[in-house]
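# Results of the structural survey
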Amino acid sequence: MKLYYIPESCALAPQIVANEAGIPLEPVRVDFKTKTTQAGSDFFAINPKGYVPALALDDGEVLTENAAIVQYLADLKPEARLAPANGTLARVRLQEALNYIATEIHRGYSPLFNPTTPAQVREEASASLHKRYVLLDKQLAGRTYLFGDEFTAADAYLFVVTRWAEIVKLDLSGYANLKAFQKAVAARPAVKAAMKAQGLMAA
């Protein structure tokens, strides 16, 4: 399978999940400005949405959207315990977390990446993210990961988008549990390997 990514994007999350599950992926870099792959292919022909991640399956199908891709990968190797079994309340809780991260955290960063965003809008976006992180910090109290001591696909996604705080200069120093979470996830071998695969760490 091929994973199309842009460095420092949310496409790091499925790479982490694949690594944790022992699933080999071929990372394919996409140029952010030209929307072409490193081989010169038109990325819109692969994913008409024009953004990453996109996971090209061996049969030619292409999956998009982080919440869908990380669950698909987790289900390929259920023994890795990156997602609870389908049909269980625990799985719905994982989906709840993935959707929250996608809509409230991931999307919340968008205005902060745009240099033309007015100051007032930036302040409002930052305040909104802080409200969301307050809840996550409480959830992480007494836990290593979102659901306890066991790492899941949701942890991979939260870790990746929270890394953006440093890029946009969003101060998260007041969230001790979140800070400990980021440190714990960053230390995982599969996470380090994923970052190396996408050029975020020296190989």
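All values derive from a computational prediction rather than experimental measurement.

The rules behind the values
Residues numbered from 1 in each chain as written. Predicted model: local features only at pLDDT ≥ 70, side-chain atom pairs only at ≥ 80, totals over all residues. Heavy atoms only, no water. Helix = DSSP H or I, 4+ residues; strand = E, 2+ residues; numbered from the N terminus. Rg over C-alpha atoms; globule rule 2.2 N^0.38 Å. Buried < 20%, exposed > 50% of the residue type's maximum accessible area, 1.4 Å probe, protein only. Contact = heavy atoms within 4.5 Å. Core = buried A, V, L, I, M, F, W, Y, C linked by side-chain atoms within 4.5 Å.

Moving on to the overall build of the chain. In terms of helices and strands, the chain carries 10 helices and 4 strands. Taken from N to C terminus, the helices and strands of the chain fall in the order β-α-β-α-β-β-α-α-α-α-α-α-α-α. The C-alpha radius of gyration computed for the chain amounts to 17 Å, which stays within 12% of the reference 17 Å derived for 203 residues, consistent with globular compactness. With respect to the three principal axes, the spread of C-alpha positions in the chain is 45 × 45 × 35 Å. The proportion of buried residues among the 203 residues of the chain is 43%. Nonlocal contacts in the chain, meaning residues at least 24 apart in sequence, comprise 63% of its contacts between residues at least 6 apart.

Moving on, we get to the nonpolar core. Counting 54 residues, the largest nonpolar core has Ile16, Tyr109 and Tyr133 as the members making the most contacts within it. At the level of elements, helix 1 (12-21), helix 3 (66-76), helix 4 (89-106), helix 6 (119-139), helix 7 (153-162), helix 8 (164-168), helix 9 (176-186) and helix 10 (189-197) are the ones that each hand at least two residues to this core. In terms of residues, this core owes the most to one element, helix 7, which gives 8 residues. The contact partners of Tyr133, leaving out residues within four places of it in the chain, are Ile105, Tyr109, Leu158, Val161, Thr162, Leu170, Leu172, Tyr175 and Leu178.

Here the focus is helix 7. Counting buried residues along helix 7, 10 of its 10 residues qualify, which places the element largely inside the surrounding structure. Every buried residue of helix 7 is accounted for by Ala153, Ala154, Asp155, Ala156, Tyr157, Leu158, Phe159, Val160, Val161 and Thr162.

Attention now goes to unusual backbone geometry. In this structure, Pro53 follows Val52 across a cis peptide bond, with omega equal to 0°. Here the phi dihedral of Lys169 falls at roughly 60°; this positive angle occurs in a residue that is not glycine. With respect to the secondary-structure elements, Lys169 resides in the loop between helix 8 and helix 9. Under the relative-accessibility criterion, Lys169 is labelled exposed at 74%.

Once that is clear, we can look at the environment of Leu94. Among the secondary structure elements, Leu94 is positioned in helix 4. By relative accessible area, which is 1% here, Leu94 ends up buried. Each residue touching Leu94, except ones within four places of it in the same chain, is listed here: Leu82, Ala83, Pro84, Phe147, Thr152 and Ala154.

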